[in-house]
Amino acid sequence: MDGLDFRFQTNTDWYQDRRKGKVKWGTSGTPYGEYEEDAYTIQENNTELLATYKKQLSDDFGLDALVGFNVRNKKYENNYQSAPRLAVADLYTLANSRDPLVSSNDFYKLREYSLYGSAEFNYRNWVYLTLTGRNDWSSTLPIHNNSYFYPSVTASVLLSELLGIKSPVLDYLKLRGGWSEVGSDADPYQLATVFVSEPAFNGNPIQTTTGIGNNPDLKPERTYSYEVGFELHLLQNRVNLDFSAYQTDSKDQILKLATTAASGYTSQVRNAGYIRNRGIELQLGLVPVENSVFKWNADLNYGLNRSKVIRLDDEGLITSYQLYSSGIQVLAKVGDAYGTLVGTAYSRDSHGNIIIDANGLPQVSSVNKTLGHFTPNWLGGINNTFNYKNFMLSFQIDASFGGSIFSNTNQTGKYTGVLKSTLPGRDADHGGLWYYIDGNNNKVSIQQPKYTATSNGLYYADIDGNSTRVYQDGMIINGVNASGEKNSKVVSAEDYYHRIYDIAEANVYSASFVKLRELSIGYTLPQQWVRKFGIQGATISLTGRNLWTIYKDVPNIDPEAANTNGNAQGVEAYTLPTARTYGISLTVKF
């Protein structure tokens with residue numbers, strides 16, 4: 001049949017990853033060193049049969065359709081072994097362990113069948129309607145729920161063609177809209193609750209639960225999306241505007257919800273969660289200057305998203321779901337934005353003053369408080385490209401404003417005193433106050449005394465006729481005591497920086513930033529040079545990325561370090577500095 005094509009293909013993606021970890025003998029916290037081996041084997045196979053049909057049905061109507069069937073098989077295996085303490089220094093083998101080896105294994109496989117199709121109808125190439133449908137059968141869902149169908153419909157109209165607009169101002173105008181439903185399955189092995197074998201006791205086998213109550217009635221997750229937008233080209237395509245507004249509703253999410261241990265489990269798998277995202281996206285392309293030798297292109301983009309947790313269970317009994325917890329909690333709280341940061345905070349009075357406890361240190365709040373959310377208020381960027389004769393210069397600036405980040409690097413760095421921000425109060429040269437400790441263990445502030453220093457760095461001065469040890473690392477923390485009076489109690493800098501380790505609010509920062517994301521310089525070789533070698537064109541370019549953070553609020557780290565694909569977004573965990581990258585490229589056209 002004319003316009004009908006078939007395609008059959010099968011492909012396999014297979015790789016192995018072997019990792020070895022070594023901790024040097026004598027390392028603080030691990031004095032005997034450590035050695036570990038971690039092995040991953042991952043294989044995925046996809047086999048697809050696809051039929052496509054494209055035909056102009058009449059002078060006015062056209063059809064572009066496809067039907068496909070796919071079989072997906074995936075297998076994952078991980079084997080881990082560790083020698084937690086070495087018997088002999090610097091011999092990194094699993095046999096060189098003074099303790100029993102620590103080992104674990106993880107294995108799963110899954111299979112998914114998919115039947116899908118789409119049909120695009122067009123009328124005179126200015127009205128388009130696209131319908132799609134897909135049905136999946138997944139091995140990770142129970143038999144009575146393992147089949148799920150999800151469709152979509154999109155439509156667009158080229159108004160400039162429909163209305164026959166011929167204007168020196170308006171070049172192109174298209175309206176579009178769409179609705180879609182997407183289904184997704186579960187991770188493997190969340191249907192049946194199983195037992196884990198433990199070492200035998202007195203020859204008797206022992207089996208325990210994993211602590212997770214699985215669910216034999218899981219349903220697929222569902223996401224419903226709505227979008228409307230338009231594209232507008234003006235002034236011979238020197239002004240191009242693309243705008244879209246959207247809403248997505250995610251329902252029946254598969255979560256591990258905490259439960260009382262009296263049930264026999266610490267968490268249970270169930271379909272829960274209804275999260276809504278709304279936002280807009282805007283792209284503006286401009287050609288401010290163009291002549292025979294010079295052209296300037298400017299492309300701007302802007303986007304904002306607002307999320308809200310509508311509910312977590314149909315009964316309304318669950319008000320929050322913990323996404324992450326270590327130093328701070330990342331929660332999905334009903335009524336709040338997804339990814340709310342919750343943790344300990346400074347205790348404050350009704351005027352917002354920090355309350356200082358009897359020891360002269362900031363008082364930690366008795367209840368956790370909301371400290372922010374990890375999603376930014378808006379994202380934006382601009383990319384400028386300048387072409388002058390054969391030369392090209394382009395640079396891209398990205399920006400993100402709003403959102404919060406909890407920094408483990410700053411929290412631990414303050415506690416250990418390795419950060420520059422802990423210099424204030426460390427000694428008299430950095431604003432530290434002199435004091436001595438009296439017989440009641442109170443720190444008494446004094447003016448800088450005449451002192452003598454011992455060989456090991458201790459200071460002594462005459463206090464009321466007695467040689468008394470004195471200190472120069474005193475601080476008076478700004479705040480009020482329980483009676484509302486201004487604090488005047490001296491504390492050591494070490495005690496202060498140790499106290500704020502326990503206050504999550506002290507380690508939450510704005511995640512806002514502005515970056516020079518990319519800078520590129522290029523040169524296109526003259527045609528008369530390259531044609532001698534049978535080449536149509538050649539361009540050489542130098543490119544640098546992440547060259548300069550123009551603005552940021554959080555010190556010592558890259559605010560983007562907390563952007564991950566998992567639920568621990570908004571939490572930075574001892575990340576390495578972001579690397580600048582440089583490259584050179586040669587593009588040749590034949």
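Preceding this paragraph is the structure being described.
None of the values given here were measured: they were computed from a predicted structure. (Residues numbered from 1 in each chain as written. Predicted model: local features only at pLDDT ≥ 70, side-chain atom pairs only at ≥ 80, totals over all residues. Heavy atoms only, no water.)

Engineer: Now, about the overall build of the protein chain: what can you tell me, with residues and values included?
Structural biologist: Secondary structure assignment for the protein chain yields four helices and 32 strands. Relative to its length of 590 residues, the protein chain is extended, with a C-alpha radius of gyration of 32 Å against a globular reference of 25 Å. Based on the C-alpha atoms only, the size of the protein chain along its principal axes is roughly 110 × 80 × 60 Å. Split into buried and exposed, the 590 residues of the protein chain put 35% on the buried side. Positive and negative side-chain charges in the protein chain, numbering 53 and 59 respectively, have mean positions lying 4 Å apart. (Helix = DSSP H or I, 4+ residues; strand = E, 2+ residues; numbered from the N terminus. Rg over C-alpha atoms; globule rule 2.2 N^0.38 Å. Buried < 20%, exposed > 50% of the residue type's maximum accessible area, 1.4 Å probe, protein only. Lys, Arg positive; Asp, Glu negative; His and termini not counted. Charge placed at Lys NZ, Arg CZ, Asp CG, Glu CD.)

Engineer: Account for the side chain of Gln472, with residues named and values stated.
Structural biologist: Structurally, Gln472 is set in strand β26 (residues 466–475). Residue class for Gln472 comes out buried when judged on its relative accessible area of 14%. Of note is the side chain of Gln472, whose polar atom sits 2.8 Å from the backbone nitrogen of Ala428. Within the structure, the side chain of Gln472 is placed 3.1 Å from the side chain of Tyr459, a separation counted as a polar contact. Beyond its immediate chain neighbours, meaning those up to four positions away, Gln472 contacts Gly425, Arg426, Asp427, Ala428, Gly432, Leu433, Trp434 and Tyr459. (Polar contact = N/O pair within 3.5 Å; in protein donor to acceptor, adjacent residues only side chain to side chain. Contact = heavy atoms within 4.5 Å.)

Engineer: Hey, could you go over the sheet that holds strand β17 (residues 340–343) for me, with residue numbers and the actual values?
Structural biologist: Overall, antiparallel pairing links the four strands, which are arranged β15-β16-β17-β18 in an open sheet. The sheet terminates laterally at β15 (320–325) and β18 (369–373), the two strands that pair on one side only. Within this sheet the neighbouring strands show an average axis-to-axis angle of 35 degrees, counted without direction. The sheet contact formed by strand β16 (residues 329–333) and β17 spans three bridges and is antiparallel. Within the sheet, the bridge partner assigned to Leu331 lies in β17 and is Thr340. (Pairing = 2+ DSSP bridges. Axes fitted to C-alpha atoms, helices over the stretch in contact; angles between N-to-C directions.)

Engineer: Describe the nonpolar core, with residues and values.
Structural biologist: Residues Tyr321, Ile328, Val330, Leu371 and Phe406 are the most contacted members of the largest nonpolar core, which totals 19 residues. If you list the elements that add at least two residues to this core, you get β12 (239–258), β13 (267–290), β15 and β16. Setting aside its immediate chain neighbours within four residues, Ile328 contacts Leu341, Val342, Gly343, Leu371, Phe406, Ala504, Val508 and Val571. Residues Ile354, Leu361, Ile500 and Ile503 belong to the second largest nonpolar core, which totals 13 residues. (Core = buried A, V, L, I, M, F, W, Y, C linked by side-chain atoms within 4.5 Å.)

Engineer: Run through helix α2 (residues 408–416), naming residues and quoting values.
Structural biologist: Among the residues of α2, those classed as buried are Asn408, Thr409, Asn410, Gln411, Gly413 and Lys414. Buried residues belonging to α2 abut β21 (404–407), α3 (493–499), β28 (508–510) and β31 (571–572). The N-cap residue of α2 is Ser407: its side-chain oxygen and the backbone nitrogen of Thr409 are 3.5 Å apart. Gly417 lies just past α2 and shows a positive phi near 75 degrees.

Engineer: If you had to explain the sheet that holds β28 to someone new, which residues and values would you point to?
Structural biologist: Strand order in the open sheet formed by three strands is β28-β21-β31, and the pairing between neighbours is mixed. The sheet is open, and its two borders are formed by β28 and β31, each paired with just one other strand. As paired strands, β21 and β28 are joined by three bridges and run antiparallel to one another. Within β28, the residue paired with Ser404 across the bridge is Ser510. Sitting on the sheet, α2 is in contact with β21, β28 and β31, with an inclination near 40 degrees to β21.

Engineer: A description of the pattern of salt bridges should follow, citing residues and the corresponding values.
Structural biologist: The tally for this structure, following the rule as stated, stands at 26 salt bridges. Between Arg517 and Asp398 there is a salt bridge, with its nearest N and O atoms 2.8 Å apart. Residue Arg517 is located in strand β29 (residues 513–524), and its partner Asp398 is located in strand β20 (residues 391–401); the two are separated by 119 residues in the primary sequence. Exposure class is identical for Arg517 and Asp398. Each is buried. The shortest N-O distance in the salt bridge between Arg517 and Glu560 comes to 2.9 Å. Of this pair, Arg517 sits in strand β29 while Glu560 sits in the loop between β30 (537–552) and β31; the two residues are 43 residues apart in sequence, bridging distant segments of the chain. Connected via shared salt-bridge partners are Asp398, Lys515, Arg517, Asp558 and Glu560. (Salt bridge = Lys/Arg side-chain N within 4 Å of Asp/Glu carboxyl O.)

Engineer: Provide a residue-level description of the side chain of Thr409, including the pertinent values.
Structural biologist: Tracing the sequence through the fold places Thr409 in helix α2. A polar atom in the side chain of Thr409 sits 3.5 Å from the backbone nitrogen of Tyr574. Setting aside anything within four residues of it in sequence, one finds Thr409 in contact with Leu419, Ile557, Glu572, Tyr574 and Thr575.

Engineer: Tell me about a nonpolar patch on the surface, and please be specific about residues and values.
Structural biologist: A cluster of nonpolar side chains, Leu393, Ile521, Ile540, Leu542, Ile584, Leu586, Val588 and Phe590, forms an exposed patch at the surface whose accessible area comes to about 800 Å². Counting only elements with at least two residues in the nonpolar patch, the list comes to β30 and β32 (581–589). Of the residues forming the nonpolar patch, the biggest block, three residues, is contributed by β32. Mapped onto the elements, Ile584 comes out in strand β32. (Patch = residues over 30% accessible without salt bridge, like charges linked within 9 Å, V, L, I, M, F, W, Y side chains within 5 Å. Areas by Shrake-Rupley, 256 points an atom, 1.4 Å probe, with all protein chains shown as cover.)

Engineer: Summarise the packing of aromatic side chains; cite the residues concerned and give the values.
Structural biologist: Inspection of every chain in the model, using the stated rule, returns 23 aromatic pairs. Stacked on the ring of Tyr32, the Lys or Arg Arg85 has its end atom at 5.1 Å from the ring centre. The ring of Phe513 is capped by Lys515, whose NZ or CZ atom sits 5.2 Å from the centre of that ring. (Phe/Tyr/Trp six-rings, centres within 6.5 Å; stacked < 30°, edge-to-face > 60°. Lys NZ or Arg CZ within 6 Å of the ring centre and 35° of its normal.)

Engineer: Account for the environment of Ser307, naming residues and giving values.
Structural biologist: Here Ser307 lies in strand β14 (residues 294–311). Here the alpha-carbon distance between Ser307 and Arg276, two residues 31 residues apart in the chain, equals 5.6 Å. In this view, Ser307 contacts Arg276, Asn277, Asp336, Ala337 and Tyr338; residues no more than four positions away in its chain are not counted. For Ser307, the side chain forms a polar contact with the main-chain nitrogen of Tyr338, separated by 3.0 Å.

Engineer: Residue-level account of unusual backbone geometry, with values.
Structural biologist: A positive phi angle is found at Asn237, which is not glycine, with a value near 65 degrees. Looking at where Asn237 falls in the secondary structure, it is placed in the loop between β11 (221–234) and β12. For Asn441, which is not glycine, the phi torsion reads 65 degrees and is therefore positive. Within the secondary structure, Asn441 sits in the loop between β22 (433–437) and β23 (443–446).

Engineer: Can you tell me about the pairing of strand β9 (residues 204–209), naming the residues and giving the values?
Structural biologist: Across five bridges, strand β8 (residues 195–201) lies against β9 in antiparallel orientation. Note on β9: the bridge partner recorded for Glu198 is Ile206. Between the end of β8 and the start of β9, which pair antiparallel, lie two residues, with Asn202 showing a positive phi angle near 55 degrees.

Engineer: Before we move on, can you summarise the pairing of β20 with the specific residues and values?
Structural biologist: Bridge count between strand β19 (residues 378–388) and β20: eleven bridges; the pairing is antiparallel. Bridging across to β20, Tyr388 finds its partner in Phe391. Linking β19 back to β20 in an antiparallel pair, the connection comprises two residues, with Lys389 at a positive phi of about 50 degrees. Note that β20 and β29 share ten bridges and pair antiparallel. Directly across from Ala399, in β29, lies its bridge partner Val514.

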